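Residues per chain are reported as follows:
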Amino acid sequence: MVKLEIDNREIRVETGTTILQAARMNGIAIPTLCYHEALEPYAACRLCVVELASARGKLVAACAQPCEEGMDVLTSSPRVQNSRRITAELLMASGAHLPLVEAIAQAMGVQWARYSLPANDCILCGLCVRACDELVGARAISLVKRGLEKQVAAPFEIASAACIGCATCALICPTGAIALADITPAPHSAHDPRTCRVCGEQSLPQKFADVEALLKEEVQPA
Ligand code: SF4
Ligand code: FES
């Protein structure tokens, strides 16, 4: 067990518990965005930052930082609030049109952003990529390119045979950036209409139709 203070409350938790888990177990709210209970911590969005008063005011991601003996954690100090406001502004730069981003900005008291980028439904939280890897085990999509060009895509941006059309990516996406499209021919659409728009993988009935066509070609007399 380790003993620490969160917002001046003495708390005891098991070794390995993160600050976020410890706070939530004790009814202390910390906002999160890229965190999901079913996935490994990613520490990308920085919305969950807290201040370690015991470490000269260092800001750490509560979702990934394990509790340590003697820690003194502040979850809503001026430094923390300032950092979260900047995060909200950065999210607004390309996602101000998204209800989720609007709600985050409102919660942080941010009215407008100093930064501006082309509107994008994807906020690069990485939830879809990690769910595809950690929960489904397919690794059909990943975060590709860098900087302003960073995006979620299938490897080499071509249809991925690894996609099983489970739609986990679309279900976990907090902004609705991933949509499913039905490209299955009419006779099959009643069976499995799901096709992933990110990786472009066809649904199973379409795959079978393709294989059937190939087989027919192969047995045609020359
Ligand atoms: S597509 Fe959705 S889940 Fe995936 S990184 Fe973008 S916002 Fe996050
Ligand atoms: S929720 Fe912790 S960094 Fe995103």
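Refer to the structure printed above.
Student: I'm lost on the pattern of salt bridges in this one. Help?
Tutor: When the charged atoms of two side chains lie near each other, side chains of opposite charge can form a pair. As enumerated under the stated definition, the model contains three salt bridges in all. Residues arginine 139 and aspartate 133 are paired through a salt bridge, measuring 3.1 Å at the closest nitrogen-oxygen approach. Judged by its relative accessible area of 58%, arginine 139 falls in the exposed class. A salt bridge links glutamate 157 to lysine 145, with the nearest nitrogen and oxygen atoms 3.3 Å apart. In this pair, glutamate 157 sits in the loop between strand E7 (151–153) and helix H5 (168–172) while lysine 145 sits in the loop between strand E6 (142–144) and E7, placing the two residues 12 residues apart along the sequence. For glutamate 157, a relative accessible area of 47% corresponds to the partly exposed category.

Student: Hey, could you run me through the packing of helix H2 (residues 78–95) against helix H3 (residues 99–108) in this one?
Tutor: Between two packed helices, what matters for the description is the angle formed by their axes and the separation of those axes. Orientation of H2 relative to H3, taken along the N-to-C sense of each, is 150 degrees, at an axis distance of 9 Å. The orientation of H2 relative to H3 falls into the category roughly antiparallel. As for the relative orientation of H2 and H3, their crossing is left-handed in sense. Taken together, the residues of H3 that come into contact with H2 (itself represented by Arg84, Arg85, Ala88, Leu91, Met92 and Gly95) are Val101, Ile104, Ala105 and Met108. Of the residues belonging to the contact of H2 with H3, the class tally is seven nonpolar, one polar and two charged.

Student: Which parts of the structure should I look at to understand helix H4 (residues 127–136)?
Tutor: Residue pairs three or four apart in sequence face the same way in an α-helix, which turns once every 3.6 residues. Taken together, the buried positions of H4 are Leu127, Cys128, Val129, Arg130, Ala131 and Cys132. Of the surrounding elements, those touching the buried residues of H4 are E6, E7 and H5.

Student: Just checking my understanding: could you explain the site of ligand 1 for this structure?
Tutor: Cys122, Cys125, Gly126, Cys128 and Cys173 are the nearest of the 13 residues found near ligand 1. Residue composition of the shell around ligand 1, by class: 11 nonpolar, two polar and no charged.

Student: How should the pairing of strand E1 (residues 2–6) be read in this particular structure?
Tutor: Consecutive residues of a regular strand have side chains that alternate between opposite faces of the sheet. Side chains Val2, Leu4 and Ile6 project from E1 onto a buried face, and the interleaved Lys3 and Glu5 project onto a face without burial. As paired elements, E1 and strand E2 (residues 9–13) share five bridges and run antiparallel to each other. Its bridge partner being in E2, leucine 4 is matched across the sheet by isoleucine 11. Counted between consecutive antiparallel strands, the loop separating E1 from E2 contains two residues, among which aspartate 7 sits at a positive phi close to 50 degrees.

Student: So what exactly am I meant to see when it comes to the pairing of strand E4 (residues 58–61) here?
Tutor: Sheet analysis places strand E3 (residues 49–52) next to E4, joined by four bridges and oriented antiparallel. Paired with valine 49 across the bridge in E4 is alanine 61. Taking the residues that link successive antiparallel strands as the turn, the E3-E4 hairpin has five residues, and the phi of arginine 56 there is positive, at about 55 degrees.

What counts, and where the lines are drawn
Residues numbered from 1 in each chain as written. Chains lettered and ligands numbered in written order. Predicted model: local features only at pLDDT ≥ 70, side-chain atom pairs only at ≥ 80, totals over all residues. Heavy atoms only, no water. Salt bridge = Lys/Arg side-chain N within 4 Å of Asp/Glu carboxyl O. Buried < 20%, exposed > 50% of the residue type's maximum accessible area, 1.4 Å probe, protein only. Helix = DSSP H or I, 4+ residues; strand = E, 2+ residues; numbered from the N terminus. Axes fitted to C-alpha atoms, helices over the stretch in contact; angles between N-to-C directions. Parallel < 35°, antiparallel > 145°, perpendicular 65-115°, else oblique. Left-handed = near helix turned anticlockwise from the far one by under 90°. Contact = heavy atoms within 4.5 Å. Nonpolar A, V, L, I, M, F, W, Y, C, P; charged D, E, K, R; others polar. Near = heavy atom within 4 Å. Pairing = 2+ DSSP bridges.

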